[in-house]
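# Secondary and tertiary structure notes
Spelled out, the chains give:
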Amino acid sequence: MRAMIIEKYGKVPLRMADVPTPELGEFEVLAEIHAASINPIDFKIRDGKVKLLVKYKMPLILGNDFSGVVAKVGAKVTRFKVGDEIYARPRKSKIGTFADYIAIHEDDIALKPKNLSFEEAASIPLVGLTSYQALVDILQLQKGQKILIQAGAGGVGTFAIQLAKLMGATVATTVSVAGEHLVTSLGADKMINYKEEKFEETLRNYDAVFDTLGGEVLEKSFEVIKRGGKIVSVSGLPNARFGKENGSGFIKTLLFSVASHKLTALEKKHHAQYRFLFMKPSGEQLRIIANYMETGKIKPIIDRVYPFDDAQKAMEYAESGRAKGKIILKIK
């Protein structure tokens, strides 16, 4: 089958290769991939930035979510059959959606939302699960609460804004002038033009922050929340709490604790709670999200669709930071 691979870590270009079609486990389905989306985690993996969390063998097929059709089922698969249209985010040890086929555990799969094209459906799994686990599972956002969602016009931001509004929250977001119309259309209540305003000086007494940027932006987010507030980040540093909850072992947990000491100090100073999110695949949550899509409560936001051969161009555009919504690879 065709696949877009890297052969070493670093800012190396994707290369089209002919590789074996994956073998099928008894609880897995073989999915023929019709479309995949590009996410920041793809270039973080490529650059070796998640090696402490997950180690991959080279050559490596990139790609972390997709939509497609079940081509074959394992001997013990019970919930899916050949021909089913599906969408999913594979578990971290089994990534590789920039390819014609992928073998994926049935627990990680859901039926594709009926009202979405394959390209639209491929835009959802990673950002949908990330947003759901951040806002529902970790932040436990309540009706009437206030949340700051960083980078509202990005792939995760466009979904998270819609989900937060669905949950009854008041939403502020950081955005450029070019993205203001988009985030307004998605329901954002307050826009902070990050090129002209400092969100940490404008916003006060927020219940929660969903950070997608990390670094100084994450650190400044502590200025926004009220006493007892919560911050969840997908781009910050894992801390000791993450290590213990994920069974990372003593050494890794210690390393996480040392690396995140500044964030721990900010937690104590602001009487806040910081959580690092390394999203988990979930077919069950994708079924909930599919219902949101089919009932029109949340809509997909796509910036551009690239042919499979142009995967490297799509990656470069994703890294430019100019995209409003998701970038899709059309594979079939």
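Residues numbered from 1 in each chain as written. Predicted model: local features only at pLDDT ≥ 70, side-chain atom pairs only at ≥ 80, totals over all residues. Heavy atoms only, no water.

### Quick word on the overall build of the protein
Scanning the protein for helices and strands turns up 12 helices and 16 strands. Against the globule reference of 20 Å for 332 residues, the protein gives a C-alpha radius of gyration of 19 Å, in line with a compact fold. Along the first, second and third principal axes, the C-alpha set of the protein runs to 55 × 45 × 35 Å. Relative to its 332 residues, the protein shows a buried fraction of 55%. Element-wise, carbon and sulfur atoms account for 52% of the exposed surface of the protein, whose accessible area totals about 14,700 Å². Taking the average location of the 49 positive side-chain charges in the protein and that of its 38 negative ones, the two points are 4 Å from each other. (Helix = DSSP H or I, 4+ residues; strand = E, 2+ residues; numbered from the N terminus. Rg over C-alpha atoms; globule rule 2.2 N^0.38 Å. Buried < 20%, exposed > 50% of the residue type's maximum accessible area, 1.4 Å probe, protein only. Areas by Shrake-Rupley, 256 points an atom, 1.4 Å probe, with all protein chains shown as cover. Lys, Arg positive; Asp, Glu negative; His and termini not counted. Charge placed at Lys NZ, Arg CZ, Asp CG, Glu CD.)

### Observations regarding the packing of helix 3 (residues 125-138) against helix 4 (residues 155-166)
Contact pair helix 3 / helix 4: the axes reach a minimum separation of 9 Å and the direction vectors enclose 50 degrees. On the basis of their axis angle, the class for helix 3 and helix 4 is oblique. Two packed elements cross with a definite hand, and for helix 3 against helix 4 that hand is right-handed. Residues V127, G128, T130, S131, Y132 and L135 of helix 3 form the contact with helix 4, whose participating residues are G155, V156, F159, A160, L163 and A164. Classifying every residue of the contact of helix 3 with helix 4 by side-chain character gives 8 nonpolar, 4 polar and no charged. (Axes fitted to C-alpha atoms, helices over the stretch in contact; angles between N-to-C directions. Parallel < 35°, antiparallel > 145°, perpendicular 65-115°, else oblique. Left-handed = near helix turned anticlockwise from the far one by under 90°. Contact = heavy atoms within 4.5 Å. Nonpolar A, V, L, I, M, F, W, Y, C, P; charged D, E, K, R; others polar.)

### Some remarks on the pairing of strand 15 (residues 302-307)
As paired elements, strand 15 and strand 16 (residues 326-330) share 5 bridges and run parallel to each other. Looking at strand 16, one finds that Y306 is bridged to L329. As for the winding sense of the linkage, the β-α-β connection from strand 15 through helix 12 (residues 311-320) to strand 16 is right-handed. (Pairing = 2+ DSSP bridges. Right-handed = clockwise from strand over helix to strand, strands pointing away.)

### Quick look at the nonpolar core
Across soluble globular proteins, nonpolar side chains show a tendency to be buried alongside one another. In terms of nonpolar packing, the biggest core is built from 101 residues, with F66, F98, L135, I147, F210, I289 and L329 touching the most fellow members. Here this core gets 7 residues from one element, more than from any other, and that element is helix 3. With residues near it in sequence (within four places) discarded, F66 still touches A31, I33, A35, A36, I86, Y87, A88, T97, I102, I104, A122 and P125. One finds A3, A17, I61 and A99 within the second-largest nonpolar core, a separate group that totals 7 residues. (Core = buried A, V, L, I, M, F, W, Y, C linked by side-chain atoms within 4.5 Å.)

### With respect to a nonpolar patch on the surface
A cluster of nonpolar residues, L52, F250, I251, L254, L255 and V258, forms a patch on the protein surface that exposes about 620 Å² of accessible area. You can see F250 is positioned in helix 9 (residues 250-259). The class for F250 is exposed, based on a relative accessible area of 65%. (Patch = residues over 30% accessible without salt bridge, like charges linked within 9 Å, V, L, I, M, F, W, Y side chains within 5 Å. Salt bridge = Lys/Arg side-chain N within 4 Å of Asp/Glu carboxyl O.)

### Thoughts on the pattern of salt bridges
A full pass over the atoms with the stated rule returns 21 salt bridges. The partner of R2 in a salt bridge is D100, with the nearest N and O atoms 2.9 Å apart. Of this pair, R2 sits in strand 1 (residues 2-6) while D100 sits in the loop between strand 6 (85-88) and strand 7 (101-105), and the two are 98 residues apart along the sequence. Judged by relative accessible area, R2 falls into the partly exposed class, the value being 33%. Across the pair E26 and K76 runs a salt bridge, and its minimum N-O distance is 3.7 Å. Taken as a pair, E26 in the loop between strand 2 (15-18) and strand 3 (28-38) and K76 in the loop between strand 5 (66-73) and strand 6 lie far apart in primary sequence, 50 residues in all. Each member of the salt-bridge network shares a partner with another, and the members are K11, R46, D47 and E319.

### Examining the side chain of D108
Relative to the helices and strands, D108 is located in the loop between strand 7 and strand 8 (109-111). Judged by relative accessible area, D108 falls into the buried class, the value being 2%. Not counting the four nearest positions on each side in its chain, D108 is found in contact with A88, R89, P90, R91, P281, G283 and L286.

### As for the sheet that holds strand 13 (residues 225-233)
The strand order 11-10-9-12-13-14 describes an open sheet built from 6 strands, whose pairing is parallel. The two strands at the open ends of the sheet, each matched to only one other strand, are strand 11 (190-193) and strand 14 (273-276). Ignoring strand direction, the axes of neighbouring strands in this sheet form an average angle of 15 degrees. Relative to strand 12 (residues 206-211), strand 9 (residues 146-149) is paired through 3 bridges, and the arrangement is parallel. Across the sheet, I149 pairs through a bridge with F210, a residue of strand 12. Running at roughly 155 degrees to strand 12, helix 3 makes contact with strand 9, strand 12, strand 13 and strand 14 of the sheet.

### Section: the sheet that holds strand 4 (residues 60-61)
Reading across from one edge, 2-1-4 is the order of the 3 strands in this open sheet, with antiparallel pairing throughout. Each edge of the sheet is formed by a strand with only one pairing partner; in this case those strands are strand 2 and strand 4.

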